Amino acid sequence: MERLPEDFIFGAATAAFQAEGAVNDDGRGKCYWDEYLHRAESTFNGDTASDFYHKYREDTALCREYGINGIRISIAWTRIIPDGSGKVNQKGIDFYNDMINACLEAGVEPYVTLHHFDTPLELFKNGDWLNRENTEHFVRFAKICFENFGDRVKKWITINEPWSVVAGQYIIGHFPPNIKYDVPKAVQAMHNMCTAHAKAVIEYKKMNLNGEIGIIHILESKYPISEKSEDIRAALLEDTLANKFMLDASLKGSYSESTMQIILEILEKYDAKLDIKEDEPDILKKGAELNDFLGVNYYASHFLKGYEGETEIYHNGTGKKGTSIFRIKGVGERVKNPEIETTDWDWPIYPKGLYDMLVRIKNEYPDCQKLYVTENGMGYKDEFINGKIEDIPRIDYIKKHLAAINQAITAGVNVKGYFVWSLMDVLSWTNGFNKRYGLFYVDFQTQKRYPKKSAYWYKETAESKVIK
């Protein structure tokens, strides 16, 4: 019988755009998804989503009822500063004050993310994270949040998943501005985001608030599909691009020589370079020294083989199994490992990859003393039959990943909590409402919540701390 520590947080995660809805209420400005999902070819949008804006009291009460004592929420930048850089919207501050208070009243600690894929539209049009001016706007937004909510919020996350942002925007091209195969833009934006994170951390620490601040990275372990040297090399290249580059920046405060050598080698294939401003190494260093924790989002790991051709990617956004293609010029090709089960969206189900990553962070980044698994879960085509959702594959998935976390804790990794993605069913950025992750089923016509079998299982596990 496996037992997690008594102080282990059993949390659930949400994000503003994916859950709140109410996009035109109380002075909220537009983020880039609002514009993008209202184009003619889009079959869904975030106008109502899970209506968390109006139902947060109900949802925090569900947290309390089902043993969830931590909730990840994000603050929509456009509710606080509608255009991203101008006047502050008091109604937005009032809303988050009320929501944070509701969390605390329910005995659920809020873990608050400042940027979760939702740059204000005007700043997005002005270059998003490729424009360093937007870093200053982000830091101002962060400071306003710290001033207004920092007396009660004790866990802050600057940015959610920089790699997912830049991969979506500039490599896969399924996030606006829908640019494909531009690895140099992705690398530059990641560096700029890590610098923005460091600046926000420094700003927070200046305020002497009694709390902690960190960043969330999506981390997927990379394995060679064979012992061939070209496959081993491909795994190293993708790992450096998608994991090590940002871990070095945010946890070490500098790019190791081997990391920079590989990044420059990849960029050379595109006749490009990385632009690092004179003051940025010092900012990264100071930010890393002050950073309190790392959030690890984990859904899958990947198996790589050597690849010498041009970039070709097909994103499986429908759940039609076996359709994904992911091969990057100068890096490698992701391939299916026949021994590893995958979801309908072609994501390998590999809890060992989470264990390996957690142990690796402990060993390679010893200054990072505290970790949370801030997202993990299974997208599934839930069947609602006679008022019940028997989502047994999701229970099995979560159970295996909790066991991997427990093994990492036994190996000496200081993992303080787990946040299932997601609390309730939410809008999926590229799958709409087809891909469900929630512990609670949402009827998007009525916005009624129904506990899935996984919600009952999670409650029992959270209350007993025993994985069974």
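Just so it is clear, the structure is predicted and the values come from calculations on it, not from any experiment.

Colleague: Before we move on, can you summarise the packing of helix α10 (residues 229-252) against helix α13 (residues 351-364) with the specific residues and values?
Modeller: Viewed as axis vectors pointing N to C, α10 and α13 meet at an angle of 45°, and their least axial separation amounts to 12 Å. Taken together, α10 and α13 sit at an angle that is classed as oblique. By crossing handedness, the relation of α10 to α13 is classed as right-handed. On the side of α10, the interface is formed by Asp-239, Asn-243, Lys-244, Leu-251 and Lys-252, while α13 contributes Met-357, Arg-360, Ile-361 and Glu-364. Of the residues contributing to the contact of α10 with α13, the split by class is 3 nonpolar, 1 polar and 5 charged.

Colleague: Explain the environment of Asp-282 to me, and be specific about the residues and the numbers.
Modeller: Note on placement: Asp-282 falls in helix α12 (residues 280-290). On the basis of relative accessible area, Asp-282 is assigned to the exposed category, the value being 61%. Residues Asp-282 and Ser-254, spaced 28 residues apart in sequence, show a C-alpha to C-alpha distance of 8.7 Å.

Colleague: Would you mind going over the side chain of Glu-280 in detail, with residue names and values included?
Modeller: Assignment of secondary structure puts Glu-280 in helix α12. The exposure class of Glu-280 is buried, given its relative accessible area of 6%. Among the polar contacts made by the side chain of Glu-280, one reaches the side chain of Arg-132 at a distance of 2.7 Å. Ignoring sequence-local partners within four residues, the contact set of Glu-280 consists of Arg-132, His-191, Thr-195 and Asp-275.

Colleague: Please set out the packing of aromatic side chains residue by residue, giving values where relevant.
Modeller: The final tally for this structure, using the stated rule, is 37 aromatic pairs. In this structure an aromatic cluster arises from ring pairing among Phe-17, Tyr-32, Trp-33, Tyr-36, Phe-117, Phe-124, Phe-175 and Trp-429. Between Lys-329 and the ring centre of Tyr-270, over which it is positioned, the NZ or CZ distance is 5.1 Å. Over the face of the ring belonging to Phe-326 we find Arg-334, whose NZ or CZ atom lies 3.6 Å from the ring centre.

Colleague: Go over the sheet that holds strand β10 (residues 312-314), please, and point to the residues and values.
Modeller: In spatial order, the strands read β7-β9-β12-β11-β10; together these 5 strands make up an open sheet with mixed pairing. Every other strand in the sheet has two partners, leaving β7 (222-224) and β10 as the edge strands with one partner each. Within this sheet the neighbouring strands show an average axis-to-axis angle of 35°, counted without direction. In this structure, β7 lies alongside strand β9 (residues 302-305), joined through 3 bridges in parallel fashion. Each residue of the ladder has a partner; that of Tyr-223, found in β9, is Phe-303.

Colleague: So what's going on with the sheet that holds strand β13 (residues 371-376)? Residues and values would help.
Modeller: Overall, parallel pairing links the 8 strands, which are arranged β2-β3-β4-β5-β6-β8-β13-β14 in a closed barrel. Strand-to-strand twist of the sheet, defined as the mean angle between neighbouring strand axes without regard to direction, takes the value 25°. Across 5 bridges, the pairing between strand β6 (residues 212-218) and strand β8 (residues 293-297) is parallel. Within the sheet, the bridge partner assigned to Ile-218 lies in β8 and is Asn-297. Of the strands in this sheet, β2 (9-13) and β14 (415-421) are in contact with helix α15 (residues 453-464), which crosses β2 at around 150°.

Criteria and thresholds
- Residues numbered from 1 in each chain as written.
- Predicted model: local features only at pLDDT ≥ 70, side-chain atom pairs only at ≥ 80, totals over all residues.
- Heavy atoms only, no water.
- Axes fitted to C-alpha atoms, helices over the stretch in contact; angles between N-to-C directions.
- Helix = DSSP H or I, 4+ residues; strand = E, 2+ residues; numbered from the N terminus.
- Parallel < 35°, antiparallel > 145°, perpendicular 65-115°, else oblique.
- Left-handed = near helix turned anticlockwise from the far one by under 90°.
- Contact = heavy atoms within 4.5 Å.
- Nonpolar A, V, L, I, M, F, W, Y, C, P; charged D, E, K, R; others polar.
- Buried < 20%, exposed > 50% of the residue type's maximum accessible area, 1.4 Å probe, protein only.
- Polar contact = N/O pair within 3.5 Å; in protein donor to acceptor, adjacent residues only side chain to side chain.
- Phe/Tyr/Trp six-rings, centres within 6.5 Å; stacked < 30°, edge-to-face > 60°.
- Lys NZ or Arg CZ within 6 Å of the ring centre and 35° of its normal.
- Pairing = 2+ DSSP bridges.

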